[in-house]
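Structure assessment
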Amino acid sequence: MNDPRGKITVFYDGSCPRCIQDRKNYEAKEPANLEPVEWFDITGQEKLLQQLGIEPYKALTELHVRNPDGEILSELDAYQVLCRRIPEYRLVGWLIGLPFIRPVASGLYRWMVRRRLRKQGRL
């Protein structure tokens, strides 16, 4: 498993007010002893996303994180990387990885994202 203190890149939807607020909340809790997260706004970056091996539609509908080893993770795996870095989120990260919680959390996450995108007229 990767060192949670290493540099990660979060690919986020900068056109989403909720995503921007989530970023601000995360940054406020991020411990000073960690390499700061690099936040990459996916808006209008389809070609670069494809070069990185990220399907633009999936980038819009699933959180993606590049871990310190350069591996790109998505959805709940990406959230777990983020949660490991913040002490008060570690329990949540562990819980969403449990076999009986993971499918429910994944389905709920996908439903919420699609609902948001439809409300915004982006899906």
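Residues numbered from 1 in each chain as written. Predicted model: local features only at pLDDT ≥ 70, side-chain atom pairs only at ≥ 80, totals over all residues. Heavy atoms only, no water.

**Remarks on the overall build of the protein**
Per the secondary structure count, the protein includes six helices and four strands. Shown N-terminal to C-terminal, the secondary structure of the protein runs as helices and strands in the order β-α-β-α-α-β-β-α-α-α. Relative to the 2.2 N^0.38 estimate, which gives 14 Å for 123 residues, the radius of gyration of the protein is 14 Å and therefore close to what a compact globule would have. The dimensions of the protein, computed from C-alpha atoms along their principal axes, are 40 × 35 × 25 Å. At a minimum sequence separation of 6, the contacts of the protein that also span at least 24 residues come to 63%. Per element, the accessible surface of the protein, about 7400 Å² overall, is 54% carbon and sulfur. (Helix = DSSP H or I, 4+ residues; strand = E, 2+ residues; numbered from the N terminus. Rg over C-alpha atoms; globule rule 2.2 N^0.38 Å. Contact = heavy atoms within 4.5 Å. Areas by Shrake-Rupley, 256 points an atom, 1.4 Å probe, with all protein chains shown as cover.)

**Focus: the layout of surface pockets**
What the largest pocket holds in volume is close to 940 Å³. Lining the largest pocket are 30 residues, with Arg18, Asp22, Leu63, Tyr79 and Tyr109 positioned closest to its centre. The set of elements that each furnish at least two residues to the lining of the largest pocket consists of β1 (9–12), α1 (17–29), α3 (56–61), α4 (75–85), α5 (90–96) and α6 (102–119). Of the residues contributing to the lining of the largest pocket, the split by class is 22 nonpolar, two polar and six charged. (1 Å grid on protein atoms, 1.4 Å probe; cavity = no way out; pocket = protein on both sides within 12 Å on 5 of 7 lines; lining within 4 Å. Points joined across faces, edges and corners; volume = space filled by probe spheres on them. Nonpolar A, V, L, I, M, F, W, Y, C, P; charged D, E, K, R; others polar.)

**Considering the nonpolar core**
Across soluble globular proteins, nonpolar side chains have a tendency to be buried as a group. Ranked by internal contacts, the top residues of the largest apolar core, which has 25 residues, are Ile8, Val10, Ile42, Leu49, Leu63, Val65 and Leu82. Excluding residues within four positions of it along the chain, isoleucine 42 makes contact with Phe11, Tyr12, Asp13, Leu49, Ala59 and Leu60. (Core = buried A, V, L, I, M, F, W, Y, C linked by side-chain atoms within 4.5 Å. Buried < 20%, exposed > 50% of the residue type's maximum accessible area, 1.4 Å probe, protein only.)

**A look at α4**
Counting buried residues in α4 gives eight out of eleven residues, a clear majority hidden from the surface. Buried positions along α4 lie against β1, α1, β3 (64–66), β4 (72–74), α5 and α6.

**Here we look at the packing of aromatic side chains**
Enumeration according to the criterion identifies four aromatic pairs in this entry. Between phenylalanine 11 and phenylalanine 40, the aromatic rings sit 5.4 Å apart at their centres with planes inclined by 65°, giving edge-to-face as the arrangement. Within this pair, whereas phenylalanine 11 is found in strand β1, its partner phenylalanine 40 is found in strand β2 (residues 38–41), the two being separated by 29 residues in sequence. One exposure class covers both phenylalanine 11 and phenylalanine 40, and it is buried. Between tyrosine 79 and tyrosine 109, the ring centres sit 5.4 Å apart and the planes meet at 75°, which makes this aromatic pair edge-to-face. Highlighted residues: tyrosine 79 in helix α4 and tyrosine 109 in helix α6, separated in sequence by 30 residues. The exposure class assigned to tyrosine 79 is partly exposed, which follows from its relative accessible area of 29%. A relative accessible area of 11% means that tyrosine 109 is categorised as buried. One aromatic cluster in this structure is built from Tyr12, Tyr26 and Trp39. (Phe/Tyr/Trp six-rings, centres within 6.5 Å; stacked < 30°, edge-to-face > 60°.)

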